[in-house]
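In case you want the letters, here they are:
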Amino acid sequence: MTHKPIPKMLRYAVWMVVIALALAFLFFRADWDFDYVIPKRLVRLAAMLIGGVCVAWPSIVFQTLTGNRILTPAVMGYEAVYLLLQSLLILFMGTQSLVALGANGNFALSVVLMLGYSWAIHRWLFRDGRNNVYFLLLIGLVLTMVIGTFTQFVQFKVSPGEFSVLLGFSQASFGKAEPGQLLASAVLVAAVCAVGIKTLPTLDVLSLGRDQALSLGVDYQRAVRLHLALIAVLVAVSTSLLGPTAFMGIFVANTAYALARSIRHRVTLPTGCAIAIGIFILAQLVVEHVFNYRTTVGILVNLVCGAWFLALMVRTRGNA
Amino acid sequence: MISVSNLTKTYGNKTVVSGVSAQFPARQLTSLIGPNGAGKSTLLMMIARLLAPSSGDILLDGHSVTGIPIADYARRVATLRQSPDFNLRLTVEELVAFGRFPYSRGALTPEDRRVIDEAIAFLSLEPLRGAYLDEISGGQRQMAFLAMTIAQQTDCLLLDEPLNNLDIKHAVQIMRALRRLCDEQGRTVVLVVHDINFAASYSDHIVAMKGGAVHCAGPVSEVVTEAQLNALYGLDFEITRSPRGLLCNYFNLSGEPT
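Residues numbered from 1 in each chain as written. Chains lettered and ligands numbered in written order. Predicted model: local features only at pLDDT ≥ 70, side-chain atom pairs only at ≥ 80, totals over all residues.

Student: Please clarify how the overall build of chain A should be interpreted in this entry.
Tutor: Helix and strand counts for chain A stand at 13 helices and 0 strands. Reading the secondary structure of chain A in the N-to-C direction produces α-α-α-α-α-α-α-α-α-α-α-α-α. Every one of the 320 residues in chain A was classed for burial, and the buried ones make up 43%. For chain A, long-range pairs separated by at least 24 residues make up 80% of all intrachain contacts whose partners lie at least 6 apart in sequence. (Helix = DSSP H or I, 4+ residues; strand = E, 2+ residues; numbered from the N terminus. Buried ≥ 20, exposed ≤ 12 C-beta atoms within 10 Å, placed from the backbone. Contact = placed C-beta atoms within 7 Å.)

Structural data, given as structure tokens:
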């Protein structure tokens, strides 16, 4: 088709920028220190690669399933559940919970809890054969609010020292990722990708909506359930690895659509992942070298993505 | 050939379709007509398996459809719903290509490409091939969706109000295309249509519904009569027979029976 070459170049350009950023991140002011600085940076880079996939994939697929371009899985309450778990751990076990569980224990617990959470809501919602995605969203929104308020209540009960630990959980950062945790995340993400990549054409059909998908022979309910489960795994990995990055998904997804000029998931998903990884690396570079760790990636990303998204909304006048 | 027997759909204690038994003859164009709320679309959606019936049976060539996997069903029955409000950035060709999904699950073969070309040519959509769906008119978009349904190469096509919001020219084009699908390709077409004159001019068979039940069904000459239509719609019909076919006139300024 005639209008394909330019987006294709754009997509390659995105990957070039990401590779350039990654190299800059690895070697900038590193003094070729292959013993300490660069291996440490490689760990953070790996966290960013995994994080990028875990932010971009769920957002884009979730928007396909809901046929809406402003929603992300955060609306379903995943990140709220994560924060609630951290708050409860601190409340009942104090900062000792961190020692008792260890970072890996905490991570495993978060993943299991979030999978359980998504299993519970889907099971409950699909119980009577009702599969209205908007109803699902409304429930997710209400749950987010309820859990969020409860978390705040818990946070008022803890001591200021413990509260500052909690604050660390509630902001995205690559500093807290550990190699063991990274390996577990990488395995989970690879497994999700292996399952997901086979169903990319089905995802394209799902974007036509329930009726058209069914009429084209896609078992809609099963496909939606599968993809919601995959989303649950990825969101669980990303929130426990990096902390909440709610706002970024919207930005990443919409930028990916704009760059890809296509609804094919074969195109939008890799582009979205590239954009997310690029943003993470850029933010981390700025945090490390400009702000000297006086701010976090989470704050920076939400600030920039938020501003961009606001501009997008104003410019498209509600058509987003 | 599709037939339904004793088909019922209830929501809570509201019955939308009650005990409908009807036949949709093979290689013919059948129109479902009737007032709003008669259950036409619900019946069609149950045949399309987009809605599960509360009770009753749907038979495709004599076999109950519940035993057919949904992926196989998509190669036998294609459904087009009222054109959804669509905000996807897709070209006409990309949309039509979706019609091949039941066969190739996304990886198009040369055979798929041939069928896509045929479907586009069948509706004379070649000039719009590369046009984006959100940049063409509603009538053109409906034609593009119909092309996708045609590319699905099913024996049966189910269409829910395909003429909705179309100007008369596009409506005639769609009906002619459906007629040709029956006559040239031997497909079975079932559609819900509100304009009684379109139904009378282009159908072979009509199923008229009222209040969730079949009011009357049969060949056009049996259903399109003043007595049947008066009772169906509660309007005063005058039917004229001309060399061009039947013309139903239900316009009547005073609203009183003449």
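Student: Got a minute to help me understand the overall build of chain B in this structure?
Tutor: Helix and strand content of chain B: 10 helices and 12 strands. In terms of overall size, chain B behaves like a compact globule, its C-alpha atoms giving a radius of gyration of 19 Å where 258 residues would be expected to give roughly 18 Å. For chain B, the spread of C-alpha atoms along the three principal axes comes to 60 × 40 × 35 Å. Expressed as a percentage of contacts within chain B between residues at least 6 apart in sequence, the contacts between residues at least 24 apart total 65%. (Rg over C-alpha atoms; globule rule 2.2 N^0.38 Å.)

Student: I'm lost on the packing of helix α2 (residues 37-66) of chain A against helix α7 (residues 179-198) of chain A in this one. Help?
Tutor: Helix packing for two helices is described by the angle between their axes and how far apart those axes are. Residue and element names in this part refer to chain A. Axis separation between α2 and α7 bottoms out at 10 Å; the angle between their running directions is 30°. Along this stretch, α2 crosses α7, giving a crossing that reads as left-handed. Only Pro-179, Leu-182, Ser-185, Ala-186 and Val-189 of α7 make contact with α2, whose side of the interface consists of Val-43, Ala-46, Ala-47, Ile-50, Val-53 and Cys-54. Of the residues assigned to the contact of α2 with α7, the class counts are 10 nonpolar, 1 polar and no charged. (Axes fitted to C-alpha atoms, helices over the stretch in contact; angles between N-to-C directions. Left-handed = near helix turned anticlockwise from the far one by under 90°. Nonpolar A, V, L, I, M, F, W, Y, C, P; charged D, E, K, R; others polar.)

Student: Would you explain the interface of chain B and chain A in this entry?
Tutor: The accessible area lost on association of the parts is a frequent measure of interface size. With 21 residues of chain B at the interface, the matching set in chain A holds 16 residues. Breaking the side of chain B that touches chain A down by element, the ones donating at least two residues are α2 (70-73), β6 (77-80) and α4 (101-104) of chain B. With 3 residues, α2(B) is the largest single contributor of residues to the side of chain B that touches chain A. Counted by class, the side of chain B that touches chain A contains 13 nonpolar, 4 polar and 4 charged residues.

Student: How do you make sense of the sheet that holds strand β4 (residues 55-60) of chain B when you look at a structure like this?
Tutor: The strands that make up a sheet are held in pairs by hydrogen bonds between backbone atoms, and each pair lies either parallel or antiparallel. Residues and elements named next belong to chain B. Taken in spatial order, the 4 strands of this open sheet run β2-β1-β4-β5, and their pairing is antiparallel. Two strands close off the open sheet at either side, each with one partner strand: β2 (14-24) and β5 (63-64). Relative to β2, strand β1 (residues 2-11) is paired through 7 bridges, and the arrangement is antiparallel. Its bridge partner being in β2, Tyr-11 is matched across the sheet by Lys-14. In this fold helix α1 (residues 40-47) packs onto β1, β2 and β4, with an angle of close to 115° to the strand it touches most, β1. (Pairing = 2+ DSSP bridges.)

Student: Explain the environment of Leu182(A) here, please?
Tutor: Take Leu182(A): it is sitting in helix α7. For the pair Leu182(A) and Arg44(A), spaced 138 residues apart in sequence, the C-alpha separation works out to 9.4 Å.

Student: Quick question: what am I supposed to make of α1(B) here?
Tutor: The α-helix winds at 3.6 residues per turn, so residues separated by three or four positions along the chain end up facing the same way. Residue and element names in this part refer to chain B. Counting buried positions over the 8 residues of α1 gives 8, a clear majority of the element. Within the sequence span of α1, burial applies to Lys-40, Ser-41, Thr-42, Leu-43, Leu-44, Met-45, Met-46 and Ile-47. In the stretch just after α1, Arg-49 is the one whose phi turns positive, near 65°.

Student: Would you mind going over the nonpolar core with me for this structure?
Tutor: It is characteristic of soluble globular proteins that their nonpolar side chains tend to be buried jointly. In this structure, Ala56(A), Ala276(A), Val96(B), Ala144(B) and Ala147(B) are the most contacted members of the largest nonpolar core, which totals 158 residues. Here this core gets 14 residues from one element, more than from any other, and that element is α2(A). If we skip the residues at most four places from it in the chain, Ala144(B) touches Val92(B), Leu95(B), Val96(B), Leu125(B) and Leu133(B). (Core = buried A, V, L, I, M, F, W, Y, C linked by C-beta atoms within 7 Å.)

Student: Looking at this model, I keep getting lost on the sheet that holds strand β8 (residues 188-192) of chain B. Mind explaining?
Tutor: All names here are of chain B. The strand order across the open sheet formed by 6 strands is β6-β7-β8-β3-β9-β10, and the pairing between neighbours is mixed. Sheet topology places β6 and β10 (213-219) at the edges, where each strand pairs with a single neighbour. Taking each pair of neighbouring strands and ignoring which way they run, the sheet shows an average axis angle of 15°. Across 5 bridges, the pairing between strand β7 (residues 156-160) and β8 is parallel. Within β8, the residue paired with Leu-158 across the bridge is Val-190.

Student: Whenever I open this one, the confidence of the model for chain A confuses me. Can you help?
Tutor: Close inspection of predicted coordinates is inappropriate for parts of the model with low pLDDT. Residues with a pLDDT of 70 or more make up 86% of chain A, whose mean pLDDT is 80. Of all secondary-structure elements in chain A, the lowest mean pLDDT belongs to helix α4 (residues 96-126) of chain A, at 73, while helix α8 (residues 200-206) of chain A reaches the highest, 90. (pLDDT = per-residue confidence, 0-100.)

Student: Please explain helix α3 (residues 78-93) of chain A as it appears in this structure.
Tutor: All names here are of chain A. Spanning 16 residues, α3 covers 22 Å between terminal C-alpha atoms, matching the ideal 22 Å at 1.5 Å per step. Of all the positions in α3, only Tyr-78, Glu-79, Ala-80, Val-81, Tyr-82, Leu-83, Leu-85, Gln-86, Ser-87, Leu-89 and Ile-90 are classed as buried. Backbone geometry just after α3 places Gly-94 at a positive phi near 65°. (Expected span 1.5 Å × (residues − 1).)

Student: Which parts of the structure should I look at to understand unusual backbone geometry?
Tutor: For residues besides glycine, phi is generally negative; the peptide bonds are generally trans as well. Residues and elements named next belong to chain B. Backbone geometry at Arg-49 places phi at a positive 65°, although glycine is not the residue there. Note on placement: Arg-49 falls in the loop between α1 and β4. Accessibility expressed as a C-beta count within 10 Å gives 20 for Arg-49, which makes it buried. For Gln-153, which is not a glycine, the phi torsion comes out positive at approximately 50°. Here Gln-153 lies in the loop between α6 (138-151) and β7.

Student: What's the story with the environment of His194(B) in this structure? I'm lost.
Tutor: All names here are of chain B. Assignment of secondary structure puts His-194 in the loop between β8 and α8 (196-202). Of the residues examined, His-194 has 15 C-beta atoms within 10 Å and is grouped as partly exposed. Considering only alpha carbons, one finds His-194 and Ser-31, 163 residues apart in sequence, at a separation of 9.3 Å.

Student: How should the confidence of the model for chain B be read in this particular structure?
Tutor: Across chain B, the average pLDDT comes to 90, with 96% of residues at 70 or higher. Among the scores for the predicted complex, ipTM is 0.88 and pTM is 0.84.

Student: What exactly am I supposed to notice about the pairing of β8(B) here?
Tutor: Residues in a regular strand point their side chains to alternate faces of the sheet. All names here are of chain B. Of all 5 residues in β8, 5 are buried, a share of seventy percent or more. The alternating pattern of β8 places Thr-188, Val-190 and Val-192 on one face and Val-189 and Leu-191 on the opposite face, and all of these are buried. Across 4 bridges, the pairing between strand β3 (residues 29-33) and β8 is parallel. When the sheet's bridge partners are listed, Ser-31 is paired in β8 with Leu-191. Note on the crossover from β7 through helix α7 (residues 168-185) to β8: the handedness is right-handed. (Right-handed = clockwise from strand over helix to strand, strands pointing away.)

Student: I keep staring at the pairing of β10(B) and nothing clicks. Help me out?
Tutor: All names here are of chain B. Where strand β9 (residues 205-210) and β10 come together, 6 bridges link them in antiparallel fashion. By the bridge assignment, Met-209 is partnered in β10 with Val-214. Linkage of β9 to β10, two consecutive antiparallel strands, is achieved through a turn of 2 residues, within which Gly-211 is found at a positive phi near 60°.

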